[in-house]
Amino acid sequence: MTQVLRPRLAAALDETDLAGGASAVLAAVLRVPAGVAAQAFQALDIDVDTFVRRTAEEVDGHVEPIGRDGWRARATAAAHRADHEFVGTEHLVDAALDLAPDRWSRILRKFGTSPKMLRAQLWRSALDTSPGGTWQSVREHPVDLVLEDPVDGHASPPVAAAVGRLFAREPIVGLSLATVTGGAIAEVVSFGCASLDPRRALTPSVPSHACSVTKIVTAAAVLRLAEKGLLSLDEPAGAYLHSLPLHAPDGTPSSATVRQLLTHTAGLAPGQGLRQYDGPVVPFAQRYRDGLRAESDPGRWSYSNLGYAVLAQVIADVSGRDHHEQVLAPLGMTASSHGDRLPAGAAMGHVVDRGRLHTVRDSAVLVPGAGGLASTAADLARLCIGLLPGRPDGFLTDDTIGLMNQGAVEIPRHPARQGLGVRSREIGGELAVGHSGAWPGYRAELWWLPGRRTGVAALCNSYTPGLFHFVTEILGGL
């Protein structure tokens, strides 16, 4: 779905006349075929023509015209604020909502909703275009169960203020946060609920989906094996795979290297149907025992969950141990585990849809190594500390850490560059590295500044794209 829809949306945005005011831009964007924004407005029963007319009356004359370049820049900034690689119609609407918040609140109240709920519906509609497929609801709740004014008496004033801004912007059920300063954990706090029925407080010890932050663990395990001489980053990955063959697009053995798998340049597809709800999970190697065929030749960046599942299999075939065993115990991540499903007692995921809050049905992760890590914010902070340079215990050498953080591969139309299992980008004028993660009902972020030895880990059990901006805001202030 993503491979078809995203280019279609990009093309539609290129053809959209963005030179007018907010009403003209929204009128064009809301008519993009299969656009996320149009789906969101339909789900909220907002009549597009009436909404555009109200926008013309109450917004257009009260904000400076920003023109085509201004709209495109704002939409791009909205996408990057959520660490999205693609700019879609949802980001243009998000950008518009930031122009005149008070006026949008008045307009949307007349339609029985709010900017906060509209944003939530935009992100929910965008879920349907994600590689992981759609989600399932197991329970429905009134949306007013989400916290409006989160309180944790242990939070530092800057963290408490940032949390308040995040909760005001997006509906959130629960949030856990840990900060690192000077190479040590400085603060661990949590807000909200782990589940709503029964209502259970989210404490710092409750694990949650780490989503694609799992890829950092997988990459660290690969690099540890490389340091031990058990594999080479520049050898074809197929040389180390004993459980399944890796094929080029023409069916011959793939030349894609371990390094190319790490940097999403091996030519593998993103992966569809990444979750399973019922029945036993067939192991990855067994599912692909007849071979996994690349979508294209190696060289071009294309985000691939399948690539990291292959890396997890490389680790298992080379070492005889699961990928997470190479990392969790050595770094003291005792509250973390890896498996097809979340452990008992983990935070339950939530999505807002059509003005209602839904508890998401738990599903099995079918791409070990790309996802499947259950963790706490404190344990992710320990992972961050383990990947800072200058560690006396030598978890990874400084040279390897530098290689990991290098960001040698360009990510098209995105401010970050791709390293080995992490992305590198500038935050507050300094090099930051880390990874974002998303799964229906969950978001995860882990980012750090190697030069300052500071970092922030955050886990949210509601689908909250604003979490990336929240984390970088706190990181810049440490």
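Residues numbered from 1 in each chain as written. Predicted model: local features only at pLDDT ≥ 70, side-chain atom pairs only at ≥ 80, totals over all residues. Heavy atoms only, no water.

## Let's talk about the sheet that holds strand 2 (residues 174-181)
Spatially, the 9 strands line up as an open sheet ordered 4-3-2-19-18-17-16-15-14, and their pairing is antiparallel. Two strands bound the open sheet, and with one partner strand each, they are strand 4 (199-201) and strand 14 (409-410). Alignment of strand 18 (residues 442-449) against strand 19 (residues 454-460), held across 7 bridges, turns out to be antiparallel. Considered in strand 19, the bridge of L449 is made with T454. Strand contacts of helix 16 (residues 467-477): strand 2, strand 16 (423-427), strand 17 (430-439), strand 18 and strand 19, with the helix running at about 25 degrees to strand 18, the strand carrying the most contacts. (Pairing = 2+ DSSP bridges. Helix = DSSP H or I, 4+ residues; strand = E, 2+ residues; numbered from the N terminus. Contact = heavy atoms within 4.5 Å. Axes fitted to C-alpha atoms, helices over the stretch in contact; angles between N-to-C directions.)

## Observations concerning the packing of helix 9 (residues 157-169) against helix 16
Between helix 9 and helix 16, the least distance of the axes is 10 Å, while the angle of their chain directions is 160 degrees. As summarised for this structure, helix 9 and helix 16 are arranged roughly antiparallel, according to the angle between their axes. Between helix 9 and helix 16 lies a crossing of right-handed hand. On helix 16, the residues that touch V159, A162, V163, R165 and L166 of helix 9 are L467, F470, E473 and I474. By residue class, the composition of the contact of helix 9 with helix 16 is 7 nonpolar, no polar and 2 charged. (Parallel < 35°, antiparallel > 145°, perpendicular 65-115°, else oblique. Left-handed = near helix turned anticlockwise from the far one by under 90°. Nonpolar A, V, L, I, M, F, W, Y, C, P; charged D, E, K, R; others polar.)

## A few points about the pairing of strand 18
For strand 18, the tally of buried residues reaches 8 of 8 residues, placing the bulk of the element in the interior. The side-chain alternation of strand 18 yields two buried faces, one formed by Y442, A444, L446 and W448 and the other by R443, E445, W447 and L449. Pairing of strand 17 with strand 18, which is carried by 7 bridges, proceeds in the antiparallel orientation. In the sheet register, G434 faces strand 18, and the bridge partner there is W447. Here strand 17 folds back onto strand 18, and the loop between the two strands holds 2 residues, one of which, G441, carries a positive phi near 95 degrees. Where strand 18 folds back onto strand 19 in an antiparallel hairpin, the turn is made up of 4 residues, including R453, whose phi is positive at roughly 60 degrees. (Buried < 20%, exposed > 50% of the residue type's maximum accessible area, 1.4 Å probe, protein only.)

## Side note on the packing of helix 3 (residues 36-43) against helix 6 (residues 89-97)
It is at 6 Å that the axes of helix 3 and helix 6 come closest, and there the two elements cross at 65 degrees. As summarised for this structure, helix 3 and helix 6 are arranged roughly perpendicular, according to the angle between their axes. Here helix 3 contributes V36, A37 and F41 to the contact with helix 6, which in turn contributes T89, E90 and V93. Grouping the amino acids of the contact of helix 3 with helix 6 by side-chain chemistry returns 4 nonpolar, 1 polar and 1 charged.

## So, the layout of surface pockets
It is the rolling of a water-molecule-sized probe over the atoms that shows where space remains empty. There is about 300 Å³ of room inside the second largest pocket. Contributions of two or more residues to the lining of the second largest pocket are made by helix 12 (284-287) and helix 13 (305-319). For the lining of the second largest pocket, the element with the highest residue contribution is helix 13, accounting for 4 residues. Its residues assigned to classes, the lining of the second largest pocket shows 11 nonpolar, 5 polar and 3 charged. (1 Å grid on protein atoms, 1.4 Å probe; cavity = no way out; pocket = protein on both sides within 12 Å on 5 of 7 lines; lining within 4 Å. Points joined across faces, edges and corners; volume = space filled by probe spheres on them.)

## Looking at the confidence of the model for the chain
Per-residue pLDDT for the chain averages 89, and the proportion of residues at 70 or more is 92%. Taken element by element, the predicted model of the chain shows its lowest mean pLDDT in helix 1 (residues 2-15) (51) and its highest in helix 11 (residues 258-262) (98). (pLDDT = per-residue confidence, 0-100.)

## What to know about the pattern of salt bridges
Here the structure, examined in full by the defined rule, presents 20 salt bridges. For the salt bridge of R356 with E140, the shortest nitrogen-to-oxygen distance reads 2.6 Å. Of this pair, R356 sits in strand 11 (residues 356-360) while E140 sits in strand 1 (residues 137-142), placing them 216 residues apart in sequence. For E140, a relative accessible area of 45% corresponds to the partly exposed category. Put simply, R81, D94, D98, R119 and R169 are held in one network by salt bridges that share partners. (Salt bridge = Lys/Arg side-chain N within 4 Å of Asp/Glu carboxyl O.)

## A short note on the packing of aromatic side chains
Counted by the stated rule, this structure contains 6 aromatic pairs. Their ring planes at 75 degrees and their centres at 4.9 Å tell us that F41 and F51 sit as a pair that is edge-to-face. On the criterion of sequence distance, the pair formed by F41 in helix 3 and F51 in helix 4 (residues 48-58) is long-range, its members being 10 residues apart. On the accessibility criterion, F41 (0% relative accessible area) is buried. Seen in terms of ring centroids, F51 and W104 are 5.8 Å apart; in terms of plane orientation they differ by 15 degrees. Their pairing is stacked. One end of the pair, F51, is in helix 4; the other, W104, is in helix 7 (residues 101-109), with 53 residues separating them in the sequence. Residue W104 is classed as buried on the basis of its relative accessible area of 0%. Cluster of aromatic residues (ring-pair linked, three or more members): F41, F51, W104 and F111. A cation over a ring is seen here: R443 above Y463, with NZ or CZ 5.6 Å from the ring centre. (Phe/Tyr/Trp six-rings, centres within 6.5 Å; stacked < 30°, edge-to-face > 60°. Lys NZ or Arg CZ within 6 Å of the ring centre and 35° of its normal.)

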